[in-house]
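# Breakdown of the fold
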Amino acid sequence: MEFIAHRAGNSTDALRAAEPVVDIIEVDVHLGEGNRVEVRHAKKLWLTARLWEKWHLEPSDSKIPALLEILDAADPATHLWLDLKGFTPRLSRRVLEVMGERRPLTISTKPWWLLRAFSGAPGIRTIRSAGNRFELALVFWLPSRLTTDGTVLHHRLLTDRVLKRLLKRGAVYTWAVDDSDSIERLRRGGVAGVILDDLALVPPR
């Protein structure tokens, strides 16, 4: 089972702290102004530059690092998991330009068409994401001509029945796991990896 540090690639400090602990570092990637590929989990308020996270505004002077800054801080051998946020294929093209020949990479997103640019590329895994029941239904029923390497979904959606169906499509990953018993149960069930906030749950290497 692979252990992935949730959002740890969104800042250089979190990245460096997580690299010795986990197998993969997750990074949330957006397309900013001027085609800048930027790293943040917070969303931007429409028609403003203010960032918001769930029910609160981020400070107005919050720094938004570029993906290039994270790459410069990361060990060249670190496996990065880029979660693409948005709908435009321009984001996929810009990510490919910024990443160059860096491998290995895992690319995930909810809109499957953003994965087309990475399909079949050596050293890159493509993962379709689902965070709620509607998005999971789209994974199962919305026709897609694109073959992906697997699916990542919220832990609350991962019933035994869903897991069995998804395993037929490729590797299965999940996030929001918060206890060791669940991790062991998922490992026995065939889940390929867990995305964790609490890195104390990662077994010693």
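Counting from 1, residues in each chain are numbered in the order their sequence is written. With the structure being a predicted model, the display of local features is reserved for residues of pLDDT at least 70 and the display and counting of side-chain atom pairs for 80 or more, all residues being used for whole-chain, interface and lining totals. Only hydrogens and water are removed before side-chain values are computed, so all heavy atoms of the structure are retained for them.

Right, let's get into the pairing of strand 8 (residues 105–109). The buried label goes to any residue with under 20% of its type's maximum accessible area, the exposed label to any with over 50%, and the partly exposed label to all in between, with areas taken from a 1.4 Å probe on protein chains only. What counts as a helix is a DSSP run of H or I of at least four residues, what counts as a strand is a run of E of at least two, and both are numbered from the N terminus. By the criterion of burial, strand 8 is predominantly enclosed, with five of the five residues buried. Burial of strand 8 is two-sided: the residues Leu105, Ile107 and Thr109 facing one way and the residues Thr106 and Ser108 facing the other way are all buried. By the bridge criterion, four bridges tie strand 7 (residues 79–84) to strand 8 in an arrangement that is parallel. By the bridge assignment for strand 8, Leu82 is matched with Ile107. In terms of handedness, the path from strand 7 via helix 3 (residues 89–99) over to strand 8 forms a crossover that is right-handed. By definition, two strands form a pair when at least two bridges between them are found by DSSP. The pairing of strand 8 with strand 9 (residues 124–130) spans five bridges and is classified as parallel. Counterpart to Thr109 in the pairing with strand 9 is Arg128. We call a crossover right-handed when, viewed with both strands directed away from the observer, the connection leading from the first strand over the helix to the second proceeds clockwise.

For the rest of this paragraph, the subject is the nonpolar core. Inside soluble globular proteins, nonpolar side chains tend to come together where they are buried. One finds Leu67, Leu82, Leu84, Val95 and Leu153 to be the most contacted residues of the largest nonpolar core, which totals 51 residues. Only heavy atoms matter for contacts: two residues are in contact if any of them lie within 4.5 Å across the pair. Not counting residues within four places of it along the chain, the set of residues in contact with Leu153 comprises Ala130, Leu136, Leu158, Val162, Leu166, Val172, Tyr173, Thr174 and Trp175. Among buried residues, those of type Ala, Val, Leu, Ile, Met, Phe, Trp, Tyr and Cys that are joined through side-chain atoms within 4.5 Å constitute a nonpolar core. Of all hydrophobic cores here, the second largest spans eight residues; its members include Ile4, Ile24, Ile127 and Ile195.

Now for unusual backbone geometry. With an omega dihedral of 0°, the bond running from Arg103 to Pro104 counts as a cis peptide bond. Positionally, Pro104 belongs in the loop between helix 3 and strand 8. At Asn35, a position not held by glycine, the phi torsion is positive, near 60°. Relative to the assigned elements, Asn35 resides in the loop between strand 2 (24–31) and strand 3 (37–39). Of note, the phi angle at Ala176 is positive, near 75°, even though the residue is not glycine. As for its placement among the helices and strands, Ala176 is situated in the loop between strand 11 (171–175) and helix 6 (180–189).

All of the buried residues in helix 6 are Ser182, Ile183 and Leu186. Seen along its axis, helix 6 keeps its buried residues to an arc of 100°; they face one direction. In helix 6, the exposed positions angled more than 90 degrees off the buried face are occupied by Asp181 and Arg188. Where helix 6 is buried, its residues meet strand 1 (2–5), strand 11 and strand 12 (193–196). Within 3.5 Å is the distance limit for a polar contact, defined as a pair of N or O atoms, with the added protein rule that one can donate a hydrogen and the other accept it, and that residues adjacent in sequence qualify only through two side-chain atoms. One side-chain oxygen of the residue at the start of helix 6 lies 3.2 Å from the amide nitrogen of Asp181, identifying that residue as Asp179. Among the residues trailing helix 6, Gly190 stands out with phi positive, at a value near 105°. Of all possible arcs, the one meant is that of the directions from the helix axis to the C-beta atoms.

The subject of this paragraph is the packing of aromatic side chains. For any two aromatic rings, the description comes down to two numbers: the centre-to-centre distance and the angle of the planes. Any Phe, Tyr or Trp ring, taking Trp's six-membered ring, that has another such ring centre within 6.5 Å forms a pair; planes under 30 degrees apart are called stacked, those over 60 apart edge-to-face, and the others tilted. Across all of its chains, the model carries four aromatic pairs by this definition. Seen from their ring centres, Trp112 and Trp113 are 6.2 Å apart, and the 80° between their planes marks the pair as edge-to-face. Among the residues examined, Trp112 registers a relative accessible area of 11% and is labelled buried. Judged by its relative accessible area of 33%, Trp113 is partly exposed. Within the aromatic cluster, the residues linked to one another by ring pairs are Phe87, Trp112 and Trp113. Comment: the charge-over-ring label is applied if NZ (Lys) or CZ (Arg) is within 6 Å of the ring centre and within 35 degrees of the ring normal. Over the face of the ring belonging to Phe140 we find Arg165, whose NZ or CZ atom lies 3.8 Å from the ring centre.

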